[in-house]
Each structure stands twice: as C-alpha cells, then as structure tokens.
Amino acid sequence: RFWHQRGHWREGYTWLVRLLEQAPDGDGIEPATWAMAQAGAGWLAHYQNDHVRAEQALALAAAAYQRLGSGDGLVDVRNCQSLVAQSLGEHRRSVDHGNAALALARTLADPSLTAESLSGLSRATRELGDYPTAAHLAQEIVDLCPDSASRMRAGALLTQGDIARDLGDSAAVREHCTTGLA
C-alpha cells in the first residue's frame, strides 16, 4: 500500500520482486501473504505498463487466491487483469475479466468490491461501443453509492459523461460531468 499511495511504484515493485525471487513458489511464506505480494507486483507492474510481468504476477495471484478461497483477493486480481487487457486494447478480454470480477463481487455481497468491478466493466464495455450496457453499469454504481462525495459515484458520472460525448449529446455530457465533479 505504501508504494501505491505514495506513487513509488518502481521501488515497490523492485522490493516485491526481490522477495518473490527468494520464494518463487511461495515456500516459507504464508500463502495469503504470497498471494497479496503477487497481486501487488501485478498492480505495480500494470502502473508501469509492464504488461507481461503484470499478467504473470496476476495469474499467480489468481491461482493462489483460488486455492485459498479468497473471493475478495480474486475480485481485486480480476479487476486488475481487466485493466491490463484494456491497456493492451484487448477489450473483449477486459470485459471477460470484468464480468468474472463482478459476478464474484456480487456473490460476496460487498458493495465496495461490486462498485469497483462495475466501474472497470462499464469502462471496458464503453470501449467496445456497447453504450447501453456501459450506461446501465455506470448507473448501477450511482445507485449503489448515493453519497455525493463517493469517488466511485463521481467516476461513474464521468463515465456517463464519456458515453454521452461518444454519442454526441453535449447537454448530457455537461450534466453528468458537472454532477460528477460537484
């Protein structure tokens, strides 16, 4: 978390890789800690546009979380895998990961994980040009996060603004973006 919040991505990634190289199969490390380290390495690699390493670390983290039965960890990994695929322009694969994350988040009944998954999936479906689905998913976030100060709500309203822009509806762009930034 420290490296993520402070923006020291390279340093954080370097330390995590050093740790993981000492125990590439997780030997001697608590399985949940090893899974979190792999997920963290995946996120940090993604932030640095190192897609190959991100995908490798995230695949290992997903398998570890699956073995542990850690649904919340798996949702986090699937959301990052969706972002990596989106960064590569692989929007259908991004949607597949996003759908997997959302389905699992819904079974966990965790509003925060659900909103996070809806957010990524709404952006990915928008990239595919599936505006009705993207708008529906973004609206679901708005409904799920009624607090006007919610970061997720603001992001959903901005996504709705992007959809309106793509569709040439300048009045709706202004409405969504003004509300999202308020």
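Above: the structure in question.
Since we're looking at a predicted model, the values are computed, not measured.

Conventions and cut-offs
Every chain is numbered on its own, with residues counted from 1 as its sequence reads. In keeping with the predicted nature of the model, local features appear solely for residues at pLDDT of at least 70, side-chain atom pairs appear and are counted solely at 80 or more, and the whole-chain, interface and lining totals rest on all residues. Side-chain metrics in this entry use all non-hydrogen atoms of the structure; hydrogen atoms and water are not considered. Only runs of H or I of at least four residues qualify as helices and only runs of E of at least two qualify as strands under DSSP, and these elements are numbered from the N terminus. Burial status follows relative accessibility: with a 1.4 Å probe on protein chains alone, a residue under 20% of its type maximum counts as buried, one over 50% as exposed, and anything between as partly exposed. In what follows, residue pairs with any heavy atoms lying within 4.5 Å of each other are defined as contacts. Computed with a 1.4 Å probe, the accessible areas rest on the Shrake-Rupley method; for each residue, only the protein chains presented here act as cover. In this tally Asp and Glu are treated as negative and Lys and Arg as positive; neither His nor the chain ends contributes. We put the charge of a Lys on NZ, of an Arg on CZ, of an Asp on CG and of a Glu on CD.

Caption draft 1: Quick peek at the overall build of the chain. The helix and strand inventory of the chain stands at ten helices and zero strands. Mapped from its N terminus to its C terminus, the chain presents α and β elements in the order α-α-α-α-α-α-α-α-α-α. Expressed as a percentage of its 182 residues, the buried residues of the chain come to 43%. Expressed as a percentage of contacts within the chain between residues at least 6 apart in sequence, the contacts between residues at least 24 apart total 47%. When the accessible surface of the chain is split by element, carbon and sulfur atoms take 53% of a total near 9,800 Å². Across the chain, 16 positive and 22 negative side-chain charges occur, with their mean positions spaced 4 Å apart.

Caption draft 2: Structural context of unusual backbone geometry. In the Ramachandran plot, Asn49 falls in the positive-phi region, its phi being about 60° despite a non-glycine side chain. Take Asn49: it is sitting in the loop between α3 (31-47) and α4 (51-68). Positioned with a positive phi, Ala109 is a non-glycine residue whose angle comes to about 55°. Assignment of secondary structure puts Ala109 in the loop between α6 (91-108) and α7 (111-127).

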